[in-house]
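Overview (structure and organization)
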Amino acid sequence: MLAHFVLTGYLFVWVLVGTDPGPPRWGPLMLLVILFATISFHAFFGVALTDSRTLLAPASSSGSTCRGARTRSPTSTRPA
């Protein structure tokens, strides 16, 4: 997972501000559109993940849970 984040981050920065030769560069307006599109996507995706009530990964085979993880039933209410 770490390699994925490093590689995608490197490619994202290289396309936006990289000075190395590569494919023809887009204009500044298009780069700004791409930047705002990715920022908004990541913001909404992060809120959706934070607000979800289920885990993305299944429980481990050993049956242990993550430290600090709190579970709630769907009918419980949040404290005020």
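These notes cover the structure that comes with them. (Residues numbered from 1 in each chain as written. Predicted model: local features only at pLDDT ≥ 70, side-chain atom pairs only at ≥ 80, totals over all residues. Heavy atoms only, no water.)

**Things to note about the overall build of the protein**
The following threshold applies: By definition, any uninterrupted DSSP run of H or I lasting at least four residues is a helix, any uninterrupted run of E lasting at least two residues is a strand, and each is numbered from the N terminus. Type-normalised accessible area, obtained with a 1.4 Å probe on protein chains alone, sets the label of each residue: buried when under 20%, exposed when over 50%, and partly exposed for intermediate values. Methods summary: accessible areas were calculated by the Shrake-Rupley approach with a probe of 1.4 Å, and residue burial reflects only the protein chains presented.
Each helix and strand counted, the protein has two helices and zero strands in total. Considering the protein as a whole, with its 80 residues, one finds that 5% of them fall into the buried category. Accessible surface, the protein: about 7,600 Å² in total, of which carbon and sulfur atoms supply 71%.

**Remarks on a nonpolar patch on the surface**
As a reminder of what qualifies: The patch calculation keeps residues exceeding 30% relative accessible area without a salt bridge and links them within 9 Å when they carry like charges or within 5 Å when they are nonpolar (Val, Leu, Ile, Met, Phe, Trp, Tyr). The working definition used for a salt bridge is a side-chain nitrogen of Lys or Arg within 4 Å of a carboxyl oxygen of Asp or Glu.
Residues Val15, Trp26, Leu29, Met30, Leu32, Val33, Phe36 and Ile39 make up a contiguous nonpolar surface patch of roughly 800 Å² in combined accessible area. When residues in the nonpolar patch are grouped by element, the largest group, six residues, is from helix H2 (residues 28-51).

**Looking at the packing of helix H1 (residues 2-17) against H2**
Think of two packed helices as two axes; the pair is described by the angle between the axes and how far apart they sit. Our working definition: Only the stretch in contact is used when a helix axis is fitted, and all axes are lines through C-alpha atoms; the angle between N-to-C directions ranges over 0 to 180 degrees. Working definition: roughly parallel below 35 degrees, roughly antiparallel above 145 degrees, roughly perpendicular at 65 to 115 degrees, and oblique for all remaining angles. Each crossing gets its hand from how the near helix is turned against the far one by less than a right angle, where anticlockwise is left-handed and clockwise is right-handed. Every residue pair with non-hydrogen atoms within 4.5 Å of one another is taken to be in contact.
Contact geometry of H1 with H2 gives a least axis separation of 10 Å together with a crossing angle of 150°. By the angle between their directions, the pair H1 and H2 is classed as roughly antiparallel. In the crossing of H1 with H2, the sense of the turn from one axis to the other is left-handed. Across the interface between the two elements, Phe12, Val15 and Leu16 of H1 pack against Leu31, Leu35 and Thr38 of H2.

**Some details on the packing of aromatic side chains**
How two aromatic rings sit relative to each other is given by the distance of their centres and the angle of their planes. Defined as follows: A pair of Phe, Tyr and Trp rings is counted when the ring centres sit within 6.5 Å of each other, with Trp represented by its six-membered ring. The angle between the planes then sorts it: under 30 degrees is stacked, over 60 is edge-to-face, the rest tilted.
Within this structure, the stated rule accounts for one aromatic pair. On the basis of an interplanar angle of 10° and a centroid distance of 5.7 Å, the ring pair of Phe41 and Phe45 is categorised as stacked. Of this pair, Phe41 and Phe45 both sit in helix H2, four residues apart, roughly one helical turn.

**Topic: the environment of Leu35**
Looking at the secondary structure, you find Leu35 in helix H2. Residue Leu35 is classed as partly exposed on the basis of its relative accessible area of 28%. Taking the C-alpha atoms as reference points, Leu35 and Leu16, separated by 19 residues in sequence, lie 8.0 Å from one another. Residues contacting Leu35, with those up to four places away along its chain left out, are Phe12 and Leu16.

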